[in-house]
Structures are given as structure tokens and as C-alpha cells.
Amino acid sequence: MASSDWLDIVGWTESMTSWSMDNVHDLMPSEDIDLQVTVPSTWAWPDPFTIGPIFNLQDGFASIQPALEAFMHAMIMSTVVFGMMMTTMLAIPYIERKFIGRLMDRLGATTTLRSLWVGESGVTGGEWWNKLPFGVGGPIGWVIGALNKTWGNSHELETISRVNNRSYHGYWFLLPGFFQAFADFFKFATKEHIVPRDADKVVFEVAPVIILSTTIMVFAFVPFGPHIYAANPDLSLLFMMAIFGVAPLGVFFAGWASNNKYTLIGGMRSAAQLTAYEIPLLITVLGVAVLSGSFNIIEIVDFQIGREEGNVWNIFMMPLGALLFLITMIAEVERIPFDMPEAEAELVEGWWTEYGGIRWGLMFAAEYMRSYAACILFALFFLGGWEAPFQHTMADLPWVGGMVEFALSLIPGVGWILLKAWGLFAVFVWIRASLHRVRTDQILEFGWRYLLPLSLLHLVLAIAIRLLFWDGGPWNIMLPIAITAISGGIFVILAIDEDKDALEIQRRPYSTQAVVKASPGSHRD
Amino acid sequence: MAEMWISMGPQHPMTHGLWTLKVKVDGETVVDTEPDLGYIHRGVEKICESRDFTQITTYCDRLCYASANTWSHAYIYAAEDLLEVEVPERAEYIRLIAVEIQRIASHLMWLGAYGPDIGNLSIMVWCLREREMMMDLLQELGGSRMHYNFPRVGGVKRDLPYGFAQRARAKLKLFLNRIQEYEALYDESTIFLVRSQGVGYAKPEEMVNHGVSGPNLRAGGVNYDIRWAHPYSVYSELDWAPPVERSSIKGADCYDRYRVRVEEMRVSASMALQALDKIPGGADTHYEPEDPMILAKAPSRAPEGTSGAHHFEDSRGESMFYIAGGGEGRGKQPYRVSIRSPIFITIPFAAKCMIGYKVADIPAIMGSFDPCIGETDR
Amino acid sequence: MGKIISESVQKEAAEVIVNSISSLEGVEAEVVERSSGTNPRNVIVANPSPDSWRALAEMLYSDHAIDYCSMITGIHWPERDDDRKWEVVYHLLRTGVRDPPSEDGVVQPIIVNPSTVRGFGTPVEIEVHVHLPDSRTPSIDSVQDIWVGADWNEKETWDLVGIDFDGHKGMRRVLLPHETPRGYHPLQKQHNLRYHGFEEMYDDSQGFMRKPDDVGKIK
């Protein structure tokens, strides 16, 4: 394994388990257990025989020791990884809530807190502090005045500023809302478990188990750092994609078993959508594996990091693949714009309408876990995993390189992965806040007609690049630059339209436009 | 999959009010629909038969709560027709300002609710934020945020408050800039265009025969508007034209109905600004309540045999009141008040429009017709 | 300035229609000037007998392009003479709306200039009063097949007032619940508003103690 940092949890666990098992081994008695039991002859066997030394505890233990060590190691690492995943996942709903609140101009607890000192015309409702007894309100009034000066309103017209103030509210306002995730979880845990009357009880109970267990199993193969993973088989990528794709089955079970027409429609939509997007996803990931030369996730990351290997992040080598991965992953985790299966507008939560309590809470958490897994996978496949941006370039700088390298080596790789994953999740949230929901048949059309050929194109490009330009060493620096420039150019050309009228006509496929626009009165400054 | 009836409602996040839409689906395709109304039928028509003319205004506010001013003004014009009252011009201007700002607020509510129907969550908060500005203005005029009880038979309850003109101008100008943000979120989003175009076609002649009017009709390429066809108030004094969408060959789709309402918001804002400039007596003078500049003396009895009717351009179409005089108290109360709600007639038409499209198009189509169940059920 | 229909044009168009429909047997019509705040408006008021209503409706639709049925109101007059105990008031409009033509696949919207509109496209307002004689189940011909907008209006009139419409397909309760007893039409004058004596669903104001489902509830 090429890359490494000081946070070697796997190594520590291994050495700790082997040390402890060695000690157990040494503690075991080393003599043979010699029973010297003589079994008399019976009708089954004519001659008596002696059972000699049957068992040597130490040797016996030595024979099972590797398996036992592996088991203990796996248990510990699973727990550690699960714990790390759940802890770092706390940031995910937090990012979602805060970021989407800022995007929607809906500030929640922040505004509530601010309303204590911000009122209209700079005066709060009734100057409440003056009503406190014994004049204790005076100092409060000073504090409020100071708060109003720094974080008050910034528009002259009081009632515009009351609702329309969009100024930056300060970083201290990020704290309220941190414990919302815990509060939500406890609420779900205390709610009643209701099963619909004619629901298929077995399938109804099995569906959340499938969804949740497969989602957590995905994290078994996801490395959080060069030495933080629960398991690292040679084909970890294949295993992980296979497990990722089992959850749609659970979704379909849930939709059908609830004995509800809405959930049935939701489950069917979900099954169709997830199937349609599994295939481009798998082909895209196959392209990544081809380019990186391995099915093992850690080796893919090492390929991007290693000075002797690729030394370029895959996103610069295959921007099309990164974009495809992003889109298909958003469809796989059923976020807006692809959340038709659980569209509130028609289906009131869709396939999980009938679930309540902890079953729903855990499935909801599973959806966020899948988004989190998608973000981490994107960071691993395309963004160089646990490497700092431009790490080798900075380390090669003439004078400061050594210090930079030392400073960077202090930060464990898990820190970089988390930063990239959380940043990517912020992009997911951004997309969610801005885009509309695509209709199911349009989703399917998009997946089969556009994404599938594009993913095949991506695979062909990956194969071509690997065959033509790979010579066993780092990529020629001009290659990613050329690829990124060409892709960026194509994107700009496709996205930006210069001819406004042509754009208007093209936007309305049936060429309709407003004829009488609201021009009279001319108050459109 | 066999055909099955799904019942959307009465408790449903999409339906914009309390009603049921039974939909027969074949897979994902809608085959038949049946709307079911009457869940919030409060018997307003019957109640009005035992109320004085001034007391009825409060009930009319609550007909369509999202667009309260247009309904109370619709009633007041009919009452003035019945009682044969002439309204001072300044009062007409004040009424026009109130009605047009209310139209903006109602369309903002619709726009904010239409986004989540299609999946966009941000637009809801943005539109409600601007609607707060409009509601602040209407609160200054009418006294409360939602049900204003603003007009009186013969004029208005009170004049424009001090500083109202300055605040209204600032807010309307800010609002005109903000509309571009909504358009960015809708018009520049390919997903929205794909969801709303080609969905829910309706042709103008068919719409008129079904009784649909207002923005839904103007989305079809015709500029019929009660404000010029059966004129009332001082619309003739202002420079305006009802926005019209050039629909597609098959008729008006959801995108057209959306665009018409956005342009209507602009027109209403410009009308309110013009009215503030042109109001007789100036926008900064303030007359006391019951000053003859803003409220004319009106009789309070309507003998039997008289009747009053008035068509009004409500935010959602053509609303109408018919009042027959001669009720209790020797005519102090009406004998019969009959209310025409545009959405009551539009909902069966919208339900017919949905046939042939997908289940996912139901909220898009239904939302684009802007239902408000308060006026439907009266 | 803003363009509106000229009052004289509307008056002329109204008179044309009045002359035409007065020729129908049993129909009396006139142009009435009403006010609307600041502008006077001219409304055609027609009074057909119940038997000539259908003919009048068809004539309005086919000869005069009255294409919009606005509202149908039913009124119960128990104090009037026997042959005028029930009244149905129809409000109809002519909108002058035509499907816009299309050229090369692009629709050309029809922008009517209100100040220059003349003749057949002029918007007019018609109010038709039909007086029905006393009966337990008064009825009048339905115009559901002429104007689809009359469909739900007629349903509502029957639902609330009790006036039946001959030839109406699919008559049902629209505003009152479906299982309202037959013969209960609240807007008839023998029903009075009640302010007291309601059976609530709950025993307390906060709604914690619910009464059993069928304790004399008025639906």
C-alpha cells in the first residue's frame, strides 16, 4: 500500500489483537492433555483401546488463533468504522439544515434568537426588558443595543428590513440547531409502531431491515483513511456496488407491503428509477476502475495519490465520469431532483408513508447514510481520497516544501476525506434547494436515453486513455490539462447561450412567448 | 396493472385546500377524475340573509382568504349597485390600490405554493417573504393581515395612512426587482420547463364555454378581462393592459398559466404605483374616516324588487355577486345573496384537463389553475 | 390611457339583442342601466316564461354568441303569488373570445382593442329572470348541454335551493355532503339559521373528550 499516515488504526488494531492473542496463547497450558482413557471392548469393537493424548490446548489455540485474531480485528474495526461513520454523519443533516436554510432565506432558530433584539425601526416589541422588575432590564438594554448595532438590520425601511434582511448573520448563529439531529432521533424512537391492517406483516418488517442493513454494509468497504477500514478485499469496489444496489429491493418491498395505493405507486416508481440509474452508475464506476487499474478502492486512491502511479486526481482525467457519477448517485439516493418516489406533492412520502417511529427514523437515516456514502465515494474515486489538494506540488516547492510536507503529514487522511465529502454534500444540498422534481417517465427517459450512452462513452474514453497514454508511470501533466480544458470548453459551449431570441424559441418547444408584457406604466426600473 | 381509483384528499399536501380529487389511474396514466367539494361549506349565502349590508363585508373577506380584498370589493360593488350609491373618485383609487396589491399577494401565494408542487422548495419561502411586504401594506390600509373589512358601501373605511405612499412605492419597486429572482428559479430551470410545458392543454373557446376566465383564460392567447369588458372603478384612468400569453396550438399549458400570473404581478404593481401618483387629492393627504372624499352617504335599505349584480375580476377569474333586496328589517338585510366563485367552475374543468396525463402531472395541472377552496365552498 | 369598452357601443349591442329576443314568444326584455361605482353599464334583463326559457337560451347561444354562463341563482319567494314562488336568475356574458389562429405552428394571440371593438364581439351582460310557479319540486329546463359552465351551477342550485333542472345529467350534491337527506335544501326560507343548541363532537373546548360518533350530530 503506497499511501500512509500516522493514524494507523488498522495497524494498531491488528497489533493489539495479535499481542493479546499471543498472550492468551502463552497463558494456555502447554502440556498435552493426556487422559489415557481405556475404552473397554463392546459388541462394536472387539479389542479395548486407549485414547491417548487428545488435545493440546496451546496447539489447539494456535491453530485457531489466526481466525480468532481476524475475527476480533474485524469486530473492532467494524465498530470503529461504524462509530466514525455515525459520528461524522452528524455533520450531514447539520449541513443540510443550515445551508438549505440560508439558501431559502429561512433561518429558523437563528431568526428566532435574533428576534430578541431586532424589532421594527430598531425597537423590539415593547422593549420587553424594561418591564422586568427592579430595573434589572437596564444592562439587558445595553446588551441589546450593542447586538443591534452589530447584528441588527441594515435597511432603512423598517418593514422591509423586518422580513427582507439578507445580511450575513454571523458565525455564532451556526450553533443553534446542532442538537436537532439527536432530538429528532429520540422523537422517532418514542413513536408508536403502527402496521396497516391488511399489510403483509412479514414483508413490512423485513423491508426496513434490508434497506438499513445493506446501507450500513456499504460502509464496511469504504476506507475513511489509508488505515481506517473495516475490510479490504481485492474486489472491494465490486462488493460495495453490489450491496449498494440491494436497497431498491427493500424499497419495493416497503411500497408493496403497506397495502396502500400511494405507496405501491411510489415503490414501483422507485424500483424503476433505481434500476434505470444503477446501470450508468456501474458503467461509470467501471470506467474509474479501468483507468485506475484496480477494483480495490484503496488502490484506486493510491493510484491518484502516488508519485509513481497516476499522481493526478481522477476528476481531471475523466470529468465526464465525475459528472455522471454525481448525477446517477443523486438519483440512487433519491434526492431532489430525482425524488419522485417520495414526492410529497402527490404521494405524501411515497413508499415509506405507512412507516412510523424508529423504522421510519432509521430508513430516513439510511437515506442520509447513502448520500454520505455517495459523497465519500466521489471523494475517493475522483478527488484523490485522503490527499490534500496539490500535496505533491506543494511538497516539491523549493524552500517551504519541507515544512509544508511536515505540516500536511500531521493531518490524518481522514480529515481530508471528510472535508471533501462534506463539501460535496453541500453541493447535493445546493442542488436540492434549487431544482425542481423531474417526472418519473422523464427520469427514466433521461437515464436510459442520455445517461446510458454517456456512461458508455465515458467507459470508452477511460479504456482509450489507459491503453494509449499509460506507460506505468505518472500521467503526463499535459494530459489532464488537455482533458479538463476540452471538457470545460464543451460544457461552456453547451451551457451558455448567446442568442437570447433563439434561446426563447428553443425554450418553448411549441414556440410560445408572452406577447403583451407588462410594459405600460414604465415602473420597471 | 389494473385501473384503480386513488383518492387525493381531503387531507393532502397538494390540493391547496380542503377537497377531494378522485383519480382513476391505469399505471401512471390518469384515465378519469371526479372532484368532490363542499368540505368547508360554511353557508355564507344563508348567513348573509340575516346580516346588514355592512356586516356582510366581513364574510366576503373570508370567502377566499388568500385574496380577501378582491372578494370584499366584489361584494361592495354589487351592494352599491343595489343601493344605487355613487362612490367618490378618491375612494375608487384607494380601492384600486388595495385590490391590486391584494392581487399581487394572491399571486405570490400561488407562486410560492406552485414551487413545492413541482419540487422546488426554495421558491416558497422567497415568495412568502415578498408577500409579507404586501401584507404589511395591506395591514396599514385595512388593519389586519388577512381579513381587512376594508371597503364600505359608498367608499372605504379609512384613507391612506401617513407615509403609506412612500412605503408602498419602495416596496413595490423592490418587489419588481425580486420578480426576476423567481423567474430565474423557474424559467431558467430546464426541469421546470419540461414539467410544465406540454401539460394540461386548454383552448380558449372551450374554457369560455366551461366558464373559466381570468388568468387561466388569458394564458390561451386572448385578452379578455372584466376590467375593460364590463368596466368598473378607475381602470380607464391608468395605463395598463392585461398580460396575454401566446399559447401553443393545442391550447394553454401550465407554463402559460404560470407566465401570465407573473406578468400580472408586474402589471398590478405598476397599476398601484400609477394610482398612487394619480390619486385625486394626492397620496400624502389624509382624510379622516367618513370624510365625503372617501365615503359617500349611502342608504341602508333596499326595498323588495330591487337587485344588484356586479362582475369583478378576481385574482382567479370572474367573480360575481347577485343581491336581491327586500329582506328582514324592511330591507335592511338582503333577501338573497348569491356568490359566483371562479374556482368552483374551474375545478371540474381542470379535472377534465388532467385526463390523459401522468399522475405526476396532477399537482402541476391543478396548481397551475390556482384553486382556493374557501371561495369554492363558500 | 387605459382602454375600456365604450358605454355607447355596449348599449347598442345590448339593444340589438333585446330587439331580437323580444320577438320570441313569452319573452320580455329590456336594457337596464346599472351603476358600478363610477361607470354606468347597460345590462339586458330578460323575463321569459318557464316554457320559453330553453328556446331563449338556444337563440342566445346560436344567434348572439353568448358563450359564457356566469352564474345560476335560485331564490325561494314564499310570500309571493303562486305563480312566482320560485325564481331562477341566470347571468350570462358574451365574451367575444375566439381560439387564436396559428401560422406555421406559432399561435397569433388575439389582442382585442377595447375601444375599437364593435358589433358581434362586444361584451354584453345578460340577466335572465325566470319565475316558476309553486310546487314541492320546482323545475326548469337545463342548459347544461349549451353551456358547460352551467353544469356545476345547476348542481349547486338544486343542492342548496331545491330547484330541479330537467335534462341535467349527473345531478348530485356538490356543496352539502353526499348523504344529506332528500328534500333538504337549506336556502329555502322555511329553514332558519340556528345559533344555539349545536351538538358538538367534543365535550370540552380543547377536544380531548370526544363524544361517540352518532350522538345527534347535525352534519
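Criteria and cut-off values
Residues numbered from 1 in each chain as written. Chains lettered and ligands numbered in written order. Predicted model: local features only at pLDDT ≥ 70, side-chain atom pairs only at ≥ 80, totals over all residues. Helix = DSSP H or I, 4+ residues; strand = E, 2+ residues; numbered from the N terminus. Buried ≥ 20, exposed ≤ 12 C-beta atoms within 10 Å, placed from the backbone. Pairing = 2+ DSSP bridges. Axes fitted to C-alpha atoms, helices over the stretch in contact; angles between N-to-C directions. Parallel < 35°, antiparallel > 145°, perpendicular 65-115°, else oblique. Left-handed = near helix turned anticlockwise from the far one by under 90°. Contact = placed C-beta atoms within 7 Å. Nonpolar A, V, L, I, M, F, W, Y, C, P; charged D, E, K, R; others polar. Expected span 1.5 Å × (residues − 1). Bend = angle between axes of the 7 residues up to and from the residue. pLDDT = per-residue confidence, 0-100.

**Concerning the overall build of chain A**
Along chain A, the regular secondary structure elements total 22 helices and three strands. Among the 525 residues that make up chain A, the fraction classed as buried is 35%.

**Section: the sheet that holds strand E7 (residues 307-314) of chain B**
Strands pair in a sheet through their backbones, by hydrogen bonds, and they do so in one of two ways: parallel or antiparallel. Residues and elements named next belong to chain B. Across the sheet, three strands lie side by side as E7-E8-E9; this open sheet has antiparallel pairing. Of all strands in the sheet, those bounded by a partner on one side alone are E7 and strand E9 (336-340). The average undirected angle you get between the axes of adjacent strands in this sheet is 10 degrees. One ladder, built from eight bridges, connects E7 with strand E8 (residues 317-324); its direction is antiparallel. Of the residues in E8, the one forming a bridge with Asp314 is Gly317.

**Here's the deal with the packing of helix H1 (residues 7-22) of chain C against helix H2 (residues 53-64) of chain C**
All names here are of chain C. With their axes 11 Å apart at the nearest point, H1 and H2 run at an angle of 135 degrees to one another. Our classification of the angle between H1 and H2 gives oblique. For the pair H1 and H2, the sense of crossing is right-handed. Here H1 contributes Ile17, Ser20 and Ile21 to the contact with H2, which in turn contributes Leu56, Met59, Leu60, Asp63 and His64.

**Overview of the interface of chain B and chain C**
Counting residues at the interface gives 58 residues for chain B, matched by 48 residues for chain C. When grouped by side-chain class, the residues that make up the side of chain B that touches chain C number 25 nonpolar, 17 polar and 16 charged.

**A short note on helix H2 (residues 57-89) of chain A**
Residues and elements named next belong to chain A. The terminal C-alpha atoms of H2, which comprises 33 residues, lie 45 Å apart, in line with the 48 Å expected from a rise of 1.5 Å per residue. In H2, a bend of some 45 degrees at Ile64 exceeds every other bend along the element, and Pro66, a proline, comes one to four places later. Where H2 is buried, its residues contact helix H1 (9-27), helix H3 (91-103) and helix H16 (357-381).

**Quick notes on unusual backbone geometry**
Non-glycine residue B:Asp370 carries a positive phi angle of around 60 degrees. Assignment of secondary structure puts B:Asp370 in the loop between helix H14 (361-368) and helix H15 (373-377). Positive phi values are uncommon outside glycine, yet C:Ala65 reaches one of about 55 degrees. Looking at where C:Ala65 falls in the secondary structure, it is placed in the loop between H2 and strand E3 (68-76). C:Ala65 sits in the partly exposed class, given 18 other C-beta atoms within 10 Å.

**With respect to the environment of A:Phe406**
Examined against the element boundaries, A:Phe406 turns out to sit in helix H18 (residues 401-410). Separated by 140 residues in sequence, A:Phe406 and A:Gly266 have C-alpha atoms that sit 53 Å apart.

**Some words on helix H8 (residues 201-218) of chain A**
All names here are of chain A. In this model H8 runs 27 Å from its N-terminal to its C-terminal C-alpha over 18 residues, within 8% of the 26 Å that 1.5 Å per residue would give. When we look at burial in H8, the residues that qualify are Phe204, Ala207, Pro208, Ile211, Thr214, Thr215, Ile216 and Val218. The elements touched by buried residues of H8 are H2, helix H9 (236-244), helix H10 (247-257) and H16.

**What about the confidence of the model for chain A?**
When pLDDT is averaged across chain A, the result is 80; 83% of the residues are at 70 or more. Scored below 50 in pLDDT, residues 509-525 of chain A makes 53 contacts in the model with residues more than four places away or belonging to other chains.

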